[in-house]
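Coordinate analysis (summary)
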Amino acid sequence: MARLVGLTGGIGSGKSTVAAMIREQGLPVIDADLVARQLAAPGQPAHAEIARVWPEVVAADGTIDRKRLAAIVFTDEASKRRLEAITHPRIRTQIAAQATALAAAGQPLAFVEAALLVETGYHAELDGLVVVVASEAAQVERVMARDGCSREAALARLRSQCPLADKVRVASHVVENSGSLAETRAQVLRILRELATPAAT
C-alpha cells in the first residue's frame, strides 16, 4: 500500500488550497468528502441505509439532500453518530482500496484530505498528518466570502469545531496559511521534500 498521509484543518483554514498545491506537484490527494458523496449516491448501500433512517432527506430525484441531512445530524448527537456508523467504515475501506491501487501503479506516497481525521481517530492509522492552520480572523473572512454568511454565523461555525490547536498537537507537519499563497506554497514544497525521504515516516 502507498504511504498515506492525512491532510486536515479547520473551516476556512485553506485545506483545499493546500490539497491543490500538492496535486500540482503530481501527488494524488484522495478527497474523503468526494468518496462520501459517491458512497451515498443512489444504488449504493450507504444511500439505502440513509434513506431508510431519514426518508425526509431523499430529494425528488432520489439523491440525498446533503444540506437537509446536515441540518439533522449537526443538531442531534445521536443522529450524527448513526450517520458516522453508516458512512465512516465504508469511506475508510474505499480510501484503503484507492491507496492500494495507487501503490500498485507505482505511486509510493498519497494524501487523504478530510475534515474529521483527528475527531474520528483515523489520523492514528496514517503515515503522517499535515494540519493547515490560519488565524481566526482569516478563517472568518474566508468563510464569509465563500458561503455569503454573516460574521456571527461564520464565527459560530468555526467555534463549533474541534480547536485547531488540538489538531496541531497530533500533527507531523503544520502549514501556516494566514499569509500569501507564495508563502503557503513554500511550506508545502518543504513538507513534500521531507515526506519524500525514507525517515519521514
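As a reminder, the structure under discussion sits directly above these lines.
One structure accompanies this document, and this report is about it. (Residues numbered from 1 in each chain as written. Predicted model: local features only at pLDDT ≥ 70, side-chain atom pairs only at ≥ 80, totals over all residues. Heavy atoms only, no water.)

As for the pattern of salt bridges
- If you walk through the whole model with that rule in mind, you get 15 salt bridges.
- Ionic pairing is found between Glu-84 and Lys-80, a salt bridge with its closest N-O pair at 3.1 Å. Highlighted residues: Glu-84 and Lys-80, both in helix 5 (residues 77-104), separated by 4 residues, approximately one helical turn.
- The partly exposed category is assigned to Glu-84, whose relative accessible area is 21%.
- Residues Arg-146 and Asp-147 are paired through a salt bridge, measuring 3.0 Å at the closest nitrogen-oxygen approach. (Salt bridge = Lys/Arg side-chain N within 4 Å of Asp/Glu carboxyl O. Helix = DSSP H or I, 4+ residues; strand = E, 2+ residues; numbered from the N terminus. Buried < 20%, exposed > 50% of the residue type's maximum accessible area, 1.4 Å probe, protein only.)

Details of the pairing of strand 4 (residues 129-133)
- The element strand 4 is largely enclosed, with a buried count of 5 among its 5 residues.
- Where strand 1 (residues 3-9) and strand 4 come together, 4 bridges link them in parallel fashion. Bridge pairing in strand 4 places Gly-9 opposite Val-132.
- By the bridge criterion, 4 bridges tie strand 4 to strand 5 (residues 173-176) in an arrangement that is parallel. Across the sheet, the residue bridging to Val-131 is Val-174, located in strand 5. (Pairing = 2+ DSSP bridges.)

Observations regarding the sheet that holds strand 5
- Pairing within the open sheet is parallel, and its 5 strands lie in the order 2-3-1-4-5. Of all the strands in the sheet, just strand 2 (29-31) and strand 5 have a single pairing partner and so form its edges. Put simply, the sheet's adjacent strands are angled 25° from each other on average, direction ignored.
- Pairing analysis gives 3 bridges linking strand 2 to strand 3 (residues 109-113), with the strands arranged parallel. Each bridged residue has a counterpart across the sheet, and for Val-29 the counterpart in strand 3 is Phe-111.
- Helix 2 (residues 32-39) rests against strand 2 and strand 3 of the sheet, and its axis sits at about 45° to strand 2.
- Along the sheet face, helix 9 (residues 181-195) touches strand 1, strand 3, strand 4 and strand 5 and points at about 165° away from the line of strand 5. (Axes fitted to C-alpha atoms, helices over the stretch in contact; angles between N-to-C directions. Contact = heavy atoms within 4.5 Å.)

Considering the side chain of Thr-8
- When you line up the elements, Thr-8 lands in strand 1.
- Take Thr-8: its relative accessible area is 0%, and that puts it in the buried class.
- Here the side chain of Thr-8 touches Ala-115 through a polar contact of 3.2 Å, landing on its backbone oxygen.
- Excluding its chain neighbours within four sequence positions, the residues that come into contact with Thr-8 are Lys-15, Ala-114, Ala-115, Leu-116, Leu-117, Leu-129, Val-130, Val-131, Val-132 and Lys-167. (Polar contact = N/O pair within 3.5 Å; in protein donor to acceptor, adjacent residues only side chain to side chain.)

Focus on the packing of helix 3 (residues 45-53) against helix 5
- Between helix 3 and helix 5, the least distance of the axes is 10 Å, while the angle of their chain directions is 175°. Judged by the inter-axis angle, helix 3 sits roughly antiparallel to helix 5. Two secondary-structure elements touch here, helix 3 through Pro-45, Ala-46, Glu-49, Ile-50 and Val-53 and helix 5 through Arg-82, Leu-83, Ile-86, Thr-87 and Arg-90.
- Of the residues in the contact of helix 3 with helix 5, the class split is 6 nonpolar, 1 polar and 3 charged. (Parallel < 35°, antiparallel > 145°, perpendicular 65-115°, else oblique. Nonpolar A, V, L, I, M, F, W, Y, C, P; charged D, E, K, R; others polar.)

Comments concerning helix 2
- Of the positions making up helix 2, those classed as buried are Ala-32, Val-35, Ala-36 and Leu-39. Relative to the axis of helix 2, the buried residues are bounded by an arc of 100° and lie together on one face.
- Where helix 2 is buried, its residues touch strand 2, helix 3, helix 5 and strand 3.
- Measuring from the side-chain oxygen of the N-cap residue of helix 2 to the backbone nitrogen of Asp-33 gives 2.9 Å; that N-cap residue is Asp-31. (Arc of directions from axis to C-beta.)

Just distances and angles here, no functional claims.
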